[in-house]
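Architecture and fold: a report
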Amino acid sequence: MTKTLRREHKITIIPDRMPSATTIASGVSGASQDLRFGLTDYVVFVIMLGASAGIGVYFGFFSKTKNTTEEYLRGGKKMQTLPIAISLVASQLSGIAIMSIPAESYTYGFNYIFVVLAMIVVIPILIYIIVPVFYENNVSNCYEYLEMRFNKRTRQLVTATFVMNSFLMLPVYMFIPSLAFAQVTGMNIHVINVMVSSICIFYTMLGGIKAVVWTDVVQGAIMLLSVVAVGVLGTIRSGGVSTVIENASEGGRLNFDFGLDPRIRMTFWSATMGGIFMWTGHIGLNQSCVQRIVSLPSYTHAKKSLIIAGLGFLIISFFNTISGIIMFARYHGCDPMIAGLVSKPDKMMPFFVQDIMGHLAGMPGVFISCVFSAALSSLSATLNSLAGVVYFDYIKPRIRHTEARANWAMKLIVVVMGGYCILGGFMVQNFNSILQTVVTITGINTGAVVGVFLLGMFVPRCNAKTAVTSIIFSVVAMVWVIANGQINFKSGLIKYEPLPNSLDQCEARGLHMIADVVNKTDFSPVTMKPPSGGAVTTAFRSDRDFSLYDISFYWYKVLGTALIFLWAVPMSYICRPNKHEKQNPKMYSPFVRKFLTLPEADQELEEVPLRGEIPHLRLDLGEKENKAGLEH
């Protein structure tokens, strides 16, 4: 039927028979009807959305709590360890992860597992280096620390990057699950986006952090059930573990790359290093997660919560990553994308789920609920924390603050940003690889944010002027690198063609639905050639002269962090710190304090028992925070 796909040195050959636009519609529409939601699936999906809205109504109208900003943003600092742990996992596993990570494994192989395993390194970094500093300084907003350590301008700069990231990412969070729902229902993608985003805005606005966390618990349970079910049933339908490994190996999906060339799309080194800096920035130094961590009563609770969250993340992400390999094993030699049944890799997962689980009443509904649960979790967390950051950093200094005004202002921010999120879906639909887009966008400033926090916690000699200039230097440099990288993509100098697949085994593998579409469809030969001159950087090799603009997007966060230190350390010898300025040891990570030269009286005050609860942090937060903590 077709030739087996191959990757040659000078020319990348993609399927030698691609569907013609004039004849594909009839074959696809017939097959698509076999992969549609049933009544039970709709019932399951509506129950999930109803539960999320119900939690918001409960905490908004019936929960017996004070209507204060402390309660809305931190749950009165009385949140429980396990719900916060589940909430942290759920917020990191957005719809992007549930849909795009399997697509990544399907198209480029299993190297993404190293990004997942980076969490093993990240959790100790958070527990012993970053989180103790937040608890000891009693911050409710992680950007408060930057003002305490450096100055207000540093805080404003980093806060601006958080707001910018939120503006860029919010539409993406919601569009991905809408994409999945459209694939299995045929409904208009923007109609779905409006309906589900409205429910998320509703419960986030009403219930605050408690509604966000407890809906995350429900949604986290749905996610765990779904990814495990997909992994197990997919393996069975694909012929068992041995068949999955055999097909994946034959298709090149289990080839690990340990090379040192930073231009290769994903290697062990880029995935591991990029993963460490990405998870450190997203969990430990991003307000949407820090807000939950510091809502726990003590450092001991936070430590336990982070350990549980790390384990939960590893379990769900492993199944999520392996799902792409199982999916490839199922469609090895019979690719639905080549056949025209699926338009892009990010739509492969719902197609796969309907294929392997469609005969089980309600299971496709559970999976689509899983995708929406993940998206709602990320969206609600970002909206809630964004409301707090925007109010306290930009609105409060300009109005007469009262608790009532603060609550109404934050709820209005949630509604406005939710509306923007819906409109942003019209732009996101044009992206090809959502995961690549997300990692690239966040690469602009995540490295700078991680870098400046670590600078504050590790390098006592760096002052405010050094911090501000290093942030500007890093962000401007990363914008330049990323912009030129995108220019190289547009000009064809970088071409991330996926690993090959074909359509020559559909009948042999019993995938009759895809085979029928192929038999009814006219295919036209298509050959993709690199630009004139032949030199090109692909996902797996490069024969171009080295250029910083060609480096993999997984290195962006590492480079952004390195640029902070590259600028700040030399500048700290030019803009020297004030010798008479007293150093506060609480501003630095615990192990750095050993190297500080402090007066004896300060050294006695510095001792803090980080193992177990931190006694001097057991404060009456209700009174103290309303008077002082939230002033920042």
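**Some details on the pattern of salt bridges**
Per the stated rule, a full pass over the model turns up 8 salt bridges. One salt bridge connects Glu136 with Arg593, and the closest N-O pair in it is separated by 3.2 Å. Here the residue Glu136 occupies a position in helix 7 (residues 119-136), and Arg593 occupies one in the loop between helix 23 (556-574) and helix 24 (600-606), the gap between them amounting to 457 residues. Summarising the burial analysis for this pair, Glu136 and Arg593 share the class buried. With a shortest N-O distance of 3.1 Å, Asp355 and Arg330 are connected by a salt bridge. One end of the pair, Asp355, is in helix 16 (residues 348-357); the other, Arg330, is in helix 14 (residues 299-331), with 25 residues separating them in the sequence. Per residue, the accessibility class of Asp355 equals that of Arg330, and both read buried. One connected set of salt bridges, linked through shared partners, spans Glu147, Arg155 and Asp393.

**Some points on the state of the cysteines**
With the rule as written, the count across this model stands at 1 disulfide. Between the sulfur atoms of Cys334 and its disulfide partner Cys506 the distance amounts to 2.0 Å. Given an S-S torsion of about 105 degrees, the disulfide between Cys334 and Cys506 has right-handed geometry. Note that Cys334 is positioned in the loop between helix 14 and helix 15 (336-339) and Cys506 in the loop between strand 2 (494-495) and helix 22 (512-520), a separation of 172 residues in sequence. The pair Cys334 / Cys506 is uniform in exposure class, with both members buried.

**Brief notes about the confidence of the model for the protein chain**
When pLDDT is averaged across the protein chain, the result is 78; 78% of the residues are at 70 or more. Mean pLDDT values for the elements of the protein chain range from 42 in helix 25 (residues 621-627) up to 95 in helix 6 (residues 113-117). Counting interchain partners and residues more than four positions distant, the pLDDT-below-50 stretch residues 1-35 has 90 contacts. Low pLDDT, under 50, characterises residues 525-532; the stretch is placed with 20 contacts to residues that sit more than four places away or in other chains.

What counts as what
Residues numbered from 1 in each chain as written. Predicted model: local features only at pLDDT ≥ 70, side-chain atom pairs only at ≥ 80, totals over all residues. Heavy atoms only, no water. Salt bridge = Lys/Arg side-chain N within 4 Å of Asp/Glu carboxyl O. Helix = DSSP H or I, 4+ residues; strand = E, 2+ residues; numbered from the N terminus. Buried < 20%, exposed > 50% of the residue type's maximum accessible area, 1.4 Å probe, protein only. Disulfide = S-S within 2.5 Å. pLDDT = per-residue confidence, 0-100. Contact = heavy atoms within 4.5 Å.

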